[in-house]
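# A look at the structure
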Amino acid sequence: MKVGFLQFKPVFGDKVVNLKKVRSLLDFISADIVVLPELFNTGYLFTEKKELAELAEEIPGETTQFLMGISREKDMHIVAGMPERAKNKFFNSTLLIYPNGRYKIYRKIHLFCEEKFFFNIGDIPFKVYRIGRVKIGMLICFDWIFPEAARSLALSGAQIICHPSNLVLPYCQSAMVTRAIENRIFIITVNRIGREKRGGKELKFTGMSQIVAPSGKVLYRAGKSEEIVKIVEIRPEDADNKKITDYNDVIKDRRPNFYRKIVQ
Ligand code: ACM
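Described in the following lines is the structure provided in the data block. Given the structure is predicted, the values throughout are model-derived calculations rather than measurements.

Glancing now at the overall build of the chain. Across its full length, the chain holds six helices and 16 strands. Considering only C-alpha atoms, the chain reaches an extent of 55 × 40 × 35 Å along its principal axes. Residues classed as buried in the chain amount to 55% of the 264 residues present. A sequence separation of at least 24 residues applies to 67% of the contacts in the chain between residues at least 6 apart. Charged side chains in the chain number 43 positive and 30 negative. The centres of these two groups are separated by 3 Å.

The subject of this paragraph is the packing of aromatic side chains. Following the criterion strictly, the structure yields eight aromatic pairs and no others. Taking the ring centre of Tyr 98 as reference, the NZ or CZ of Arg 102 above it sits at 4.1 Å. Positioned above the aromatic ring of Phe 12 is the side chain of Arg 198, whose terminal nitrogen or guanidinium carbon lies 3.8 Å from the ring centre.

Counted at 1.5 Å a residue, the expected span for helix α3 (residues 62-74) with its 13 residues is 18 Å, and the 19 Å between its end C-alpha atoms agrees. Within α3, the full set of buried residues consists of Thr 63, Thr 64, Phe 66, Leu 67, Met 68, Gly 69, Ile 70 and Ser 71. The first or second residue beyond α3 is Asp 75, which carries a positive phi of 50 degrees.

Let's shift gears to the environment of Ala 213. Relative to the elements of secondary structure, Ala 213 occurs in the loop between β12 (210-212) and β13 (218-221). If we ignore the near neighbours within four places in the chain, the residues touching Ala 213 are Ala 180, Ile 185, Phe 186 and Leu 219.

Cut-offs applied
The residue numbers shown here count from 1 along each chain, following its written sequence. Local features in this predicted model are restricted to residues of pLDDT 70 or higher, and side-chain atom pairs are both shown and tallied only at a pLDDT of 80 or more, whereas totals for entire chains, interfaces and linings draw on every residue. Working from all heavy atoms in the structure, the side-chain values ignore hydrogens and water. Think of it this way: any DSSP run of H or I at least four residues long counts as a helix, any run of E at least two long counts as a strand, and we number them from the N terminus. For every residue, the accessible area (1.4 Å probe, protein chains only) is compared with the maximum for its type, and the residue is labelled buried under 20%, exposed over 50%, or partly exposed between those bounds. By the convention used here, residues are in contact when the closest approach between their heavy atoms is within 4.5 Å. Positive charge is attributed to Lys and Arg, negative charge to Asp and Glu, and no charge count is given to His or to the chain ends. To locate a charge, take NZ of a lysine, CZ of an arginine, CG of an aspartate or CD of a glutamate. Two aromatic rings, drawn from Phe, Tyr or Trp (for Trp, its six-membered ring), form a pair once their centres lie within 6.5 Å of each other, and the interplanar angle then sorts them: stacked below 30 degrees, edge-to-face above 60, tilted otherwise. Here, a charge over a ring means that NZ of Lys or CZ of Arg falls within 6 Å of the ring centre while also lying within 35 degrees of the ring normal. The span you would expect from a helix comes to 1.5 Å times its residue count less one.

Pasting the structure below:
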């Protein structure tokens, strides 16, 4: 299976430019799944709710149709983050688009920093979706710091976690190596690059999008500031072997009776 990511610098508020950029970068690739960053069509640093209200879209909407067009043309699944308007709520969402026009949504559950002022907390449980025989889960950016999130997807059978991100803290890329090892799954973390300076605030995004194997091996890690599309070949079934030694299975050896506080 060919999986990959697109790391780039969205321009805040300029969907026309961002969509055009994504189209041009995806034009020459072929893959089974390609993952785009969190909020890829709008940028990240909202300064007021009104701005978000103007830029967020219903799903399906203009950006969904755009992704569906590429997905159909290229016979490629696309996972991409965007702000979603759903009635009077706003979610930091990720879409999984199938070439046949079907789509699935995940809404970010763990909001980072001032996202809490703008977005509602996601209301869709962690779920695993099939692409043929392959099982896919989705997380968004700061979900990474809660091991329960990746674990929930692994327990539901996810072989690959697609993880659109806009990372600003320096920890995630290293932490996801551990998330991959402890769950024995593939993780595609896709970050954006560049800075956003708005409303007296400034954020620098850390790039280094990466694909990690169940062994913890980093199959590819991008640079901190390069615009890049990268595709690698993986065997999703490698994620079905949960053994880390002959006598240890990271799923079967769990002792939930001793972890009760985790679900309180
Ligand atoms: C983040 O959750 N965008 C850091």
